[in-house]
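Residues per chain, in single letters:
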Amino acid sequence: GAVVSQHPSRVICKSGTSVKIECRSLDFQATTMFWYRQFPKKSLMLMATSNEGSKATYEQGVEKDKFLINHASLTLSTLTVTSAHPEDSSFYICSATNRVRGNTIYFGEGSWLTVV
Amino acid sequence: GQQLNQSPQSMFIQEGEDVSMNCTSSSIFNTWLWYKQDPGEGPVLLIALYKAGELTSNGRLTAQFGITRKDSFLNISASIPSDVGIYFCAGQYAQKLVFGQGTRLTINP
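Quick summary incoming for the structure in this document. Since the structure is predicted, the reported quantities are computational estimates derived from the model, not experimental observations.

### Here's the deal with the interface of chain B and chain A
Right, on to step 1. Every contact between the two is made by 17 residues of chain B and, on the other side, 20 residues of chain A.
Right, on to step 2. Summed over both partners, the interface of chain B with chain A buries about 1,500 Å², with 56% contributed by carbon and sulfur atoms.
Right, on to step 3. Of all residues in chain B, Q95, K96 and F99 of chain B give up the largest surface area on contact with chain A, accounting jointly for 38% of the area buried on that side.
Right, on to step 4. In this assembly, chain B and chain A are joined by one salt bridge.
Right, on to step 5. Between K96 of chain B and E59 of chain A there is a salt bridge, with its nearest N and O atoms 3.2 Å apart.
Right, on to step 6. In this structure, the connection of chain B to chain A is made through five residue pairs in polar contact (both at pLDDT 80 or more).
Right, on to step 7. Those elements that place two or more of their residues in the side of chain B that touches chain A are strand 4 (31-37), strand 9 (85-93) and strand 10 (96-99) of chain B.
Right, on to step 8. Taken together, the residues of the side of chain B that touches chain A sort by class into seven nonpolar, seven polar and three charged.

Here's what the structure looks like:
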């Protein structure tokens, strides 16, 4: 079964609203999680590193005020897309590293966001 | 920034044929990973490579970590219909991953 779970798997929101996506590590603690974005038929691009108890680190070109990341516990990171626009429509995927299991990286199932 | 060049971008083969794809990079990575992604789902790890020159198999899949640590290949032998999907290579630095552009594999029965 999944060891990293994302919710929701699909979400449709109206332009201008905000939407939150959750990423949970199910049976291990993850001090660091990562958020990726994937456009249709394209590769995954790292957006930001989510650090438990501290601010997220954003990759160049990613707006931190647009994509709010909160890593409030060792098993949960959230990505909030604020004031969403149609161009934010994408597949968002998180990953978490299990340091106990040799730093194995596990990906969530992904979340499809459609902004209408 | 770091980039991976993955080729081919797409492959159309007959069931039973062998498949080969590769990735190259201008940067050195300490770990190379190969993932398969089905539509609408997250990537699933196929093979992880940790040492330069390492050759690792997972069933019908074989992958090698190049000696220079700047390249890797993935081979699939005797392809079957469930092999259809998109395959990504990824280079790991720290805990971050840089992904190749993907290889879309289509199999004709």
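So much for the structure itself; the text now carries on.
### Describing the pattern of salt bridges
All names here are of chain B.
Right, on to step 1. Taken as a whole and judged by the stated rule, the model has five salt bridges over all chains.
Right, on to step 2. One salt bridge connects R60 with D83, and the closest N-O pair in it is separated by 2.8 Å. With a gap of 23 residues between them, R60 in the loop between strand 6 (55-58) and strand 7 (61-65) and D83 in the loop between strand 8 (71-76) and strand 9 connect regions that are remote in the sequence.
Right, on to step 3. For R60, a relative accessible area of 27% translates into the label partly exposed.

### Considering the side chain of T97 of chain A
Right, on to step 1. Take T97 of chain A: it is sitting in strand 9 (residues 90-98).
Right, on to step 2. By relative accessible area, which is 3% here, T97 of chain A ends up buried.
Right, on to step 3. Sequence-distant contacts of T97 of chain A, that is, excluding residues within four places in its chain, are made with F28, Q29, A30, T32, F34, N103, T104 and I105 of chain A together with Q95 of chain B.

### Overview of the sheet that holds strand 1 (residues 4-7) of chain A
Residues and elements named next belong to chain A.
Right, on to step 1. In space, the four strands of this open sheet follow the order 1-3-8-7, with antiparallel pairing throughout. Every interior strand has two partners, whereas the edge strands, strand 1 and strand 7 (67-73), have only one. If you compare each strand with its neighbour and ignore which way they point, the axes differ by 15° on average.
Right, on to step 2. By the bridge criterion, six bridges tie strand 3 (residues 19-25) to strand 8 (residues 76-81) in an arrangement that is antiparallel. When the sheet's bridge partners are listed, C23 is paired in strand 8 with S77.

### A word on the sheet that holds strand 6 of chain B
Residue and element names in this part refer to chain B.
Right, on to step 1. Read from one edge to the other, the open sheet built from five strands follows the order 1-3-8-7-6, with strand pairing classed as antiparallel. Single-partner strands in this sheet number two, and they are strand 1 (4-7) and strand 6. The mean inter-strand angle of the sheet, taken between neighbouring strand axes irrespective of direction, is 15°.
Right, on to step 2. By the bridge criterion, four bridges tie strand 6 to strand 7 in an arrangement that is antiparallel. Bridge pairing in strand 7 places L55 opposite Q64.

Calculation rules
Residues numbered from 1 in each chain as written. Chains lettered and ligands numbered in written order. Predicted model: local features only at pLDDT ≥ 70, side-chain atom pairs only at ≥ 80, totals over all residues. Heavy atoms only, no water. Contact = heavy atoms within 4.5 Å. Buried area = accessible area lost by both parts, 1.4 Å probe. Salt bridge = Lys/Arg side-chain N within 4 Å of Asp/Glu carboxyl O. Polar contact = N/O pair within 3.5 Å; in protein donor to acceptor, adjacent residues only side chain to side chain. Helix = DSSP H or I, 4+ residues; strand = E, 2+ residues; numbered from the N terminus. Nonpolar A, V, L, I, M, F, W, Y, C, P; charged D, E, K, R; others polar. Buried < 20%, exposed > 50% of the residue type's maximum accessible area, 1.4 Å probe, protein only. Pairing = 2+ DSSP bridges. Axes fitted to C-alpha atoms, helices over the stretch in contact; angles between N-to-C directions.

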